[in-house]
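# Tertiary structure, described
Take a look at the letters that make up each chain.
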Amino acid sequence: MPVPKDSNASQSDYFDIAIVGGGLVGASLGLLLRPLIQKGLRVALVDAQAVEPEHLLQPSFDARTSALSLGTQRLLASLQVWPSIAPDACPIEHIQVSQQGQFGRVHLHHHEMKVPALGYVIENRHLGQGLWKNLQSEEKFHIIAPATVQQVSTNEHGAQITLTQPSDSEATTRVIQAELLVLADGANSLGCRSLGIEQRKQSYHQQAIVANIAFDQPHQQWAYERFTQQGPLALLPLTGNRFGLVWCASPDEAEHLMQLPETAFQHALQKAIGYRQGRIQRIGQRQTYPLSLVQSHEQVRRHVVVLGNAAHALHPVAGQGFNLALRDAKALSDHLERAFEKGQALGDISVLTSYHQAQQTDQNLTIGLSHWLPTLFTQPGSAWSLARAAAMTSLDCMPIAKTLFARQAMGLVGTPETWRP
């Protein structure tokens, strides 16, 4: 139930829910809130970029790819987003996890799990376009963009957002008020800084090199994750018989690799991955970024929720970042809808704490998996190497354990309905 707004705020400046950040997570939450919008609640999304689905420029919609779990694909289908992006998504039908220079492999196959695919890989720009096209079709959804957030604060009525918007002559200042503020503005969240919410950062002392590559053989929907002493190296299948490469290495090694001419880089990559997929034919533009675990000290407080990378930015191993954030967004929307039906204020701390507690197990397990896998596999020494190899061999031979591992990776967590093939 909406609470009385500040008497000084006009109707156009008051919203029941305001989302700051229009990336993949913010846009997804906007779609998840459609039931509340259709019941009369005012929901707004604020973003620094102009929203044009055909030319999305948000940093999260760049050339990078996202690995979508099966659970995420099912949720996108329920939001009616999947049909428009399915042609640009490549199914993952087989996964191999290995350790460089050591025995032991884990193989996962979609037919063994009785699912059409273990997951999907899509370029972020296609995913972003699909989300925003659906979001803009909701006439009652308020998009405030382009708009730059200057400051965020809270008071007895809710949250206040001070922003500037460009105009023909000069930028104008606007203050909007919301019963609930959702900060989905990334790992360097301005909203968190404004509110004094600490974002703890733990460096992995690794850089990720990302690029699209093509081999002279079809990938047959295989995904590969190889752990090395420098960090994991992943090949994710893309449409057009391409792979998305994520190569994690020490900062010095990553800098060396980025400076190599294309032919020398191709030779180094071929040496690192071998010839199972054949010979590399083409490598696209290389990009690099530092890897850190970022966690918000608070995910909820009265009138405020921290979501997505602002709440937890993960190591890319296993590709769980967006999948976890989407599960959080779904749980939040469900809790808000139940609170609305009961007549509770959406910004009530009891409502938000209930949401956070419900997600704790999933968050702890997913963050722990994404954190400890690269940490354990970079431990030096032959004893560690043999232990890791033995563990992978054992996992591959234990159907129940392997199924549980695959279910978590596929995002099939939560209610029994979610687990069904």
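Note on numbering: residues in each chain are counted from 1, in written sequence order. For a predicted model such as this one, the threshold for reporting local features is a pLDDT of at least 70, and the threshold for listing and counting side-chain atom pairs is 80 or more; totals across whole chains, interfaces and linings nevertheless cover every residue. Only heavy atoms go into the side-chain values, all of them from the structure, while hydrogens and water stay out.

## Some remarks on the overall build of the protein chain
Quick reminder of the rule: Only DSSP runs of H or I covering at least 4 residues are called helices, and only runs of E covering at least 2 are called strands; the numbering of each starts at the N terminus. Any residue under 20% of the maximum accessible area for its type is buried, any over 50% is exposed, and the rest in between are partly exposed; the area is computed with a 1.4 Å probe on protein chains only. The contact rule is simple, with two residues in contact once any of their heavy atoms fall within 4.5 Å. Per-residue accessibility takes into account occlusion by the displayed protein chains alone, with areas from the Shrake-Rupley method and a 1.4 Å probe.
The helix and strand inventory of the protein chain stands at 14 helices and 20 strands. Burial status across the protein chain gives 53% buried among its 421 residues. Long-range contacts, defined as pairs at least 24 residues apart, comprise 73% of the intrachain contacts of the protein chain with a sequence gap of at least 6. Entry remark: accessible area of the protein chain is about 18500 Å², with carbon and sulfur atoms responsible for 52%.

## So, helix H10 (residues 321-342)
Selection criterion: Here a helix's expected span is defined as the number of its residues, less one, multiplied by 1.5 Å.
Across its 22 residues, H10 extends 32 Å between first and last C-alpha, which sits within 8% of the 32 Å expected from 1.5 Å per residue. Of all 22 residues making up H10, 16 are buried, and the element is well covered by its neighbours.

## Some thoughts on unusual backbone geometry
With an omega dihedral of 0 degrees, the bond running from Ala-145 to Pro-146 counts as a cis peptide bond. For Pro-146, the position within the fold is in the loop between strand S8 (142-144) and strand S9 (148-155). Positive phi is not limited to glycine here, since Gln-80 has a value of about 65 degrees. Tracing the sequence through the fold places Gln-80 in the loop between helix H3 (70-78) and helix H4 (82-85).

## Let's talk about the sheet that holds strand S7 (residues 119-123)
For the record, the criterion: Two strands qualify as a pair provided DSSP detects at least 2 bridges between them. The axes are straight lines fitted to the C-alpha atoms, using for helices just the contacting stretch, and the angles between their N-to-C directions are given from 0 to 180°.
Sheet architecture is open: three strands sit in the order S3-S7-S4, paired in antiparallel fashion. The open sheet has two edge strands with one neighbour each: strand S3 (65-69) and strand S4 (90-92). On average, adjacent strands in this sheet sit at an angle of 30 degrees to one another, irrespective of strand direction. Along the sheet, H3 contacts S3 and S7; its crossing angle with S3, the most-contacted strand, is approximately 90 degrees.

## Here's the deal with the confidence of the model for the protein chain
To keep it simple, the criterion reads: Per-residue confidence from the predictor is reported as pLDDT, which spans 0 to 100.
Overall, the predicted model of the protein chain reaches an average pLDDT of 85, with 82% of residues at or above 70. When the criterion is pLDDT under 50, residues 57-62 qualifies, and its contacts beyond four places in sequence or with other chains add up to 18 contacts.

## Side note on the side chain of Thr-72
Condition: In protein, a polar contact requires one atom able to donate a hydrogen and another able to accept it; more generally it is a pair of N or O atoms within 3.5 Å, and residues adjacent in sequence count only if both atoms are side-chain atoms.
Tracing the backbone through its elements, the reader meets Thr-72 in helix H3. Under the relative-accessibility criterion, Thr-72 is labelled buried at 3%. Only 2.6 Å separates the side chain of Thr-72 from the side chain of Asn-323, close enough to count as a polar contact. For Thr-72, the contacting residues outside a window of four places in its chain are Phe-322, Asn-323 and Leu-326.

## Some points on the pattern of salt bridges
Selection criterion: By salt bridge we mean one thing: a side-chain nitrogen of Lys or Arg within 4 Å of a carboxyl oxygen of Asp or Glu.
Tallying each qualifying case throughout the model produces eight salt bridges. Between Arg-242 and Glu-123 there is a salt bridge, and its shortest N-O distance comes to 3.1 Å. In this pair, Arg-242 sits in strand S15 (residues 242-249) while Glu-123 sits in strand S7, placing the two residues 119 residues apart along the sequence. With relative accessibility at 9%, the residue Glu-123 sits in the buried group. Ionic pairing is found between Arg-301 and Glu-298, a salt bridge with its closest N-O pair at 2.7 Å. It is possible to trace a salt-bridge network through shared partners that takes in Lys-39, Glu-337 and Glu-341.

## Some words on the environment of Thr-65
Tracing the backbone through its elements, the reader meets Thr-65 in strand S3. Sequence separation of Thr-65 and Leu-236 is 171 residues, and the distance between their C-alpha atoms is 8.8 Å.

## Here we look at the packing of aromatic side chains
Going by this rule: Pairing of aromatic side chains requires ring centres within 6.5 Å, counting the rings of Phe and Tyr and the six-membered ring of Trp. Pairs whose planes differ by under 30 degrees are stacked, by over 60 edge-to-face, and all others tilted. Lysine NZ or arginine CZ positioned within 6 Å of the ring centre and within 35 degrees of the ring normal marks a charge as sitting over the ring.
In the structure shown here, the tally under the stated rule is five aromatic pairs. Consider the rings of Phe-215 and Phe-243, whose centres lie 5.6 Å apart with planes at 90 degrees: the pair is edge-to-face. Residue Phe-215 is located in strand S12 (residues 199-215), and its partner Phe-243 is located in strand S15; the two are separated by 28 residues in the primary sequence. Residue Phe-215 shares its accessibility class with Phe-243, and that shared class is buried. The rings of Phe-215, Trp-222, Tyr-224 and Phe-243 are connected pair by pair, giving a single aromatic cluster. Stacked on the ring of Trp-222, the Lys or Arg Arg-276 has its end atom at 4.9 Å from the ring centre. The ring of Phe-265 is capped by Arg-286, whose NZ or CZ atom sits 4.4 Å from the centre of that ring.

## Observations concerning the pairing of S7
Within S7, five of the five residues are buried, which leaves it mostly tucked inside the rest of the structure. Neither face of S7 is left uncovered, since the one carrying Gly-119, Val-121 and Glu-123 and the one carrying Tyr-120 and Ile-122 both have all their residues buried. By the bridge criterion, five bridges tie S3 to S7 in an arrangement that is antiparallel. Considered in S7, the bridge of Ser-66 is made with Ile-122. In terms of strand pairing, S4 meets S7 through three bridges, oriented antiparallel. Bridging from a neighbouring strand, Ile-92 pairs with Gly-119 of S7.

## Brief notes about the pairing of strand S14 (residues 232-238)
Two faces, one strand: in a regular strand the side chains alternate between the faces of the sheet. Counting buried positions over the seven residues of S14 gives seven, a clear majority of the element. Alternating positions in S14 separate into two faces, Pro-232, Ala-234, Leu-236 and Leu-238 on one and Leu-233, Leu-235 and Pro-237 on the other, with burial throughout. Note: strand S13 (residues 222-227) against S14, four bridges, orientation antiparallel. Paired with Glu-225 across the two strands is Ala-234, which belongs to S14. Connecting S13 to the next strand, S14, in antiparallel fashion are four residues, including Gly-231 with a positive phi near 150 degrees. As judged from the six bridges shared by S14 and S15, these two strands associate in the antiparallel manner. Of the residues in S15, the one forming a bridge with Leu-233 is Trp-247. In this antiparallel pair of consecutive strands, S14 and S15, the connection spans three residues, and Gly-240 shows a positive phi of 75 degrees.

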